[in-house]
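Descriptive structure summary
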Amino acid sequence: MIILREISMRGKMAMRGFSRSYVRRYSTAVIKSPFGNVTIPDQTLSQFVWSRSAKWEELPAVTCGVTGRFYTYGMAKMLHNRGAKALLERVRLNPGDRVGLLLPNIPEYLITVHSCAEAGLTITFANPLYTAEELVRQFKNAEVKCIITVPQLLETALKVMRNLPNYTQTISIGGDTEPDKNVLGMQSLLAENYDVTLPEVKSTDVAVLPYSSGTTGLPKGVMLSHKNLVANLMQVSHPEVTNVLSPSEGFQETILTVLPFFHIYGFNAILNFLIYHGGHIITMPRFTPEDYLQCLEKYKPTVLFVVPSLLLFLATHPSVTPQRLDSIKRIVCGAAPASKNLIDKFKQKLNHDDCVINQGYGMTETSPVTLYTPQSMPSSKVGSCGQLVPSTEARIIDLTNGTDITEPLKPGELLVKGPQIMKGYLNNPKATSEVIDSNGWLHTGDVGYYDDDGYFYIVDRTKELIKVKGNQVSPTELESILLELPEVADVAVVGVPDTLAGELPKAFIVKKPNTNLTAEIINHHIDPKVAAYKRLTGGITFIDAIPRNPSGKILRNQLKVLGK
């Protein structure tokens, strides 16, 4: 996942001199962060995120850009503490139990996740666009005992609930209590005071369980501890990495974002990061051009979090005038890489020079940030994912024999190590060992190199994962669904390039003899089973045989060439 890049001319000469000494010092196989190490406090996620909130209790923490509904820091902290006690007492959950979140971006997301974290519960979040079938697969694997959702998604949650053993109750944010359906309204849940002693949560306990396909295979539960998440917040908060402005007399940073909180980037690098720094988050449950333009006009944000398709909208839509962007001081482009051409196009529209554009690199398995462009990155580094964040090391290894590449500018697979690396995949030691080796190096499956100044560039990937507008799509998951059709003899799914989405899933199918299988039949079978972005919008091609190597592994690169 590409996260953050900064384009700035500040300190150009100083950084060049610094970078030369950096390369001389770390010219061996292991590349270390030029920012040294950070001290990671022994705190839970909630303890850390809210540790400074008393300074700005009266300030707004998060606001719905559509409805205007908001919570101050003091109110949100009080409610999530009460919510933690309610989950243990009223919902009868125990520390270590898993809670499934089926929520769009709403202000209550902040309260919900920290209610769970403070109660010692593990959160697994899902895309609210998922079908019931997709949700059952994830929530059953995660052993979810409670789902928290909104009235619009309640029926889907109830369908999923029936397939989950040892289930307690469903909580509806903004909905009523319905005893006959085993549903509790969040408002009534938080209206009471509970005399409960909150458990002692360890920093090594698993805090969140997002699902990722990793480098290959079906989506797997990524076990991220409180320490993993806190470490990454500390790493990205290093003053030479990011310049975050905390509230001061008469000033509070205002941030507009539609990037989903159910994604690890939205969850930790946006929601938790900005709350820790005292920002005012303006969020939207879904993107519409009208609502987004209204938020720009009404809230005058100083920071925008975007994806490339949204950046393209801002750069090209006639209603997005330079005047509407006057307040913007920083753009953070996440989930997928933004090209230099796109960035240049946006900067032409922006029409003021004091805006910084950020991007970088990370994965769900790394909490998520590993590379980040520093404050003083020269403009010549446009296209880089940046340098290693503090307390992080990297290696580049040869794609054919796995030996270390010790020279700059030579591409290979990127390996990373640091305190933000996951504990492992849930109940899947085999998959964990395939990604994290015996020396603790996480094999990213991405191909990259570093230059003479220690800036990293991602150029390709070895992993099978398809990225559609920043969303992960597992080819294995789609192939399993397609093989349910009796007419399918063999199948392979790959990502094909798309200007707007980045990639689109495309299926290559071998039909069984004497069958009348059509693309229409295939789409009719798969579309109801998956979220819209997982559908085969890249097309369906019937071929005589799927290319495989002697061990049976699909040669996806050959298929990608055919798919162009």
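Scroll up to find the structure this text is about.
Residues numbered from 1 in each chain as written. Predicted model: local features only at pLDDT ≥ 70, side-chain atom pairs only at ≥ 80, totals over all residues. Heavy atoms only, no water.

1. Thoughts on helix α5 (residues 132-142)
Turning to α5, its buried residues number three or more, namely Glu134, Leu135, Val136, Gln138, Phe139 and Ala142. Here the buried face of α5 lies against β5 (98-102), β6 (122-125), β7 (144-149), α6 (154-161), β11 (211-212) and α14 (475-482). Within two residues after α5, glutamate 143 carries a phi angle of roughly 60 degrees, on the positive side. (Buried < 20%, exposed > 50% of the residue type's maximum accessible area, 1.4 Å probe, protein only. Helix = DSSP H or I, 4+ residues; strand = E, 2+ residues; numbered from the N terminus. Contact = heavy atoms within 4.5 Å.)

2. Digging into the pairing of strand β27 (residues 488-498)
Most of β27 is tucked away: eight of the 11 residues are buried. Looking at chain direction, β27 and strand β28 (residues 502-511) are connected through 10 bridges and run antiparallel. Across the sheet, residue glycine 495 finds its bridge partner in β28, namely proline 505. Here β27 hands over to β28 after three residues, the two strands then running antiparallel side by side. (Pairing = 2+ DSSP bridges.)

3. Description of helix α3 (residues 73-89)
In a regular helix each residue adds 1.5 Å, so 17 residues correspond to 24 Å; α3 covers 25 Å between its end C-alpha atoms and thus fits that length. Of all the positions in α3, only Tyr73, Ala76, Leu79, His80, Gly83, Ala84, Ala86, Leu87 and Leu88 are classed as buried. Elements in contact with the buried residues of α3: β3 (60-64), β4 (70-72), α4 (108-118), β8 (170-172), α7 (186-191) and α9 (264-276). (Expected span 1.5 Å × (residues − 1).)

4. Section: the sheet that holds strand β2 (residues 31-32)
Within the open sheet, the five strands sit side by side as β2-β20-β21-β23-β24. Their pairing is antiparallel. The open sheet has two edge strands with one neighbour each: β2 and β24 (456-461). As judged from the two bridges shared by β2 and strand β20 (residues 393-397), these two strands associate in the antiparallel manner. In the strand pairing of β20, isoleucine 31 is matched with alanine 394.

5. Description of the pattern of salt bridges
Considering all chains together, one arrives at 22 salt bridges under this definition. Put simply, glutamate 108 and arginine 69 hold a salt bridge, and the shortest N to O gap is 2.8 Å. Here glutamate 108, found in helix α4, pairs with arginine 69, found in the loop between β3 and β4; they are 39 residues apart in sequence, far enough to count as distant. Given the relative accessible area of 9%, glutamate 108 is considered buried. Exposure remark for arginine 69: the relative accessible area of 32% places this residue in the partly exposed category. In this structure, the salt-bridge partner of lysine 145 is aspartate 97, at a minimum N-O distance of 3.2 Å. Of the two residues, lysine 145 is situated in strand β7 and aspartate 97 in the loop between α3 and β5; the sequence distance between them amounts to 48 residues. Assessed through its relative accessible area of 25%, lysine 145 is described here as partly exposed. (Salt bridge = Lys/Arg side-chain N within 4 Å of Asp/Glu carboxyl O.)

6. Observations regarding the pairing of strand β18 (residues 369-372)
Within a regular strand, the side chains alternate between the two sheet faces. Here strand β17 (residues 356-362) runs beside β18; their pairing, made up of three bridges, is antiparallel. Looking at β18, one finds that glycine 362 is bridged to valine 369. Where β17 hands over to β18, the hairpin turn is made up of six residues, of which serine 367 adopts a positive phi near 75 degrees. Sheet analysis places β18 next to strand β19 (residues 387-388), joined by two bridges and oriented antiparallel. Bridged to tyrosine 372 within β19 is glutamine 387.

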